[in-house]
Amino acid sequence: MRQSQRGVTVIGWIVLLIPVAIIVLAAIRLVPIYLNYMSVSKYMSTVAAEVKGETSSSADGLRKALDKRFQVGYIDHPNAREIDIHREGSNWVMIADYEDVAPLFGNLSLLVQFHKQVEVQ
């Protein structure tokens, strides 16, 4: 008798789908974090373009403009006080350097580090 095996068994499906499910869950947890980072990056660039060429800009003025954008865009992490704003030469520099944690399951979490630097000319 000739016997041939066709298809995948239930155990085979489980072995194949568990890694796929973990990757999908990680993607679901990370997408909001990266969307938040893209919003922070966009708002920093927008504020830099807004005050470009103004000689009266200050760190407090930049921080207030960022805070207004963050409030409108529902950005909670990082807040405007956590953005480092300092002068380098004749230009202002805004640096967002922060971490975000996404719980995966159990004691396992994903840590994402972000660094965005925008120069205000």
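Our subject is the structure listed above.
Predicted model only: the values in this text are computed from it and were never measured. (Residues numbered from 1 in each chain as written. Predicted model: local features only at pLDDT ≥ 70, side-chain atom pairs only at ≥ 80, totals over all residues. Heavy atoms only, no water.)

## Quick look at the pairing of strand β2 (residues 91-105)
Pairing analysis gives 5 bridges linking strand β1 (residues 84-88) to β2, with the strands arranged antiparallel. Residue pairing in the sheet places His 86 in a bridge with Val 93 of β2. The antiparallel hairpin formed by β1 and β2 contains 2 residues in its connecting segment, where Gly 89 sits at a positive phi of about 70 degrees. Examined bridge by bridge, β2 and strand β3 (residues 108-120) share 13 bridges and lie antiparallel to one another. (Pairing = 2+ DSSP bridges. Helix = DSSP H or I, 4+ residues; strand = E, 2+ residues; numbered from the N terminus.)

## A closer look at the packing of helix α1 (residues 10-50) against helix α2 (residues 59-72)
As a packed pair, α1 and α2 sit with axes 10 Å apart at the nearest point and diverge in direction by 135 degrees. For the element pair α1 / α2, the angle class is oblique. As α1 packs across α2, the resulting crossing turns out to be right-handed. On the side of α1, the interface is formed by Val 40, Tyr 43, Met 44, Thr 46, Val 47 and Glu 50, while α2 contributes Leu 62, Ala 65, Leu 66, Arg 69 and Phe 70. Across the contact of α1 with α2, the residue classes tally to 8 nonpolar, 1 polar and 2 charged. (Axes fitted to C-alpha atoms, helices over the stretch in contact; angles between N-to-C directions. Parallel < 35°, antiparallel > 145°, perpendicular 65-115°, else oblique. Left-handed = near helix turned anticlockwise from the far one by under 90°. Contact = heavy atoms within 4.5 Å. Nonpolar A, V, L, I, M, F, W, Y, C, P; charged D, E, K, R; others polar.)

## Regarding the sheet that holds β2
With antiparallel pairing, 3 strands are arranged side by side in an open sheet as β1-β2-β3. Strands with a single pairing partner mark the edges of an open sheet, and in this sheet they are β1 and β3. Put simply, the sheet's adjacent strands are angled 20 degrees from each other on average, direction ignored.

## Some words on the packing of aromatic side chains
Applying the stated criterion across every chain yields a total of 4 aromatic pairs. When the ring of Tyr 43 is compared with that of Phe 70, the centres are 6.2 Å apart and the planes differ by 50 degrees; the resulting orientation is tilted. In this pair, Tyr 43 sits in helix α1 while Phe 70 sits in helix α2, placing the two residues 27 residues apart along the sequence. The buried category is assigned to Phe 70, whose relative accessible area is 2%. Look at Tyr 98 and Phe 114: their rings are 5.2 Å apart centre to centre, the planes differ by 35 degrees, and that puts the pair in the tilted class. With a gap of 16 residues between them, Tyr 98 in strand β2 and Phe 114 in strand β3 connect regions that are remote in the sequence. For the pair Tyr 98 and Phe 114, one class covers both residues: buried. (Phe/Tyr/Trp six-rings, centres within 6.5 Å; stacked < 30°, edge-to-face > 60°. Buried < 20%, exposed > 50% of the residue type's maximum accessible area, 1.4 Å probe, protein only.)

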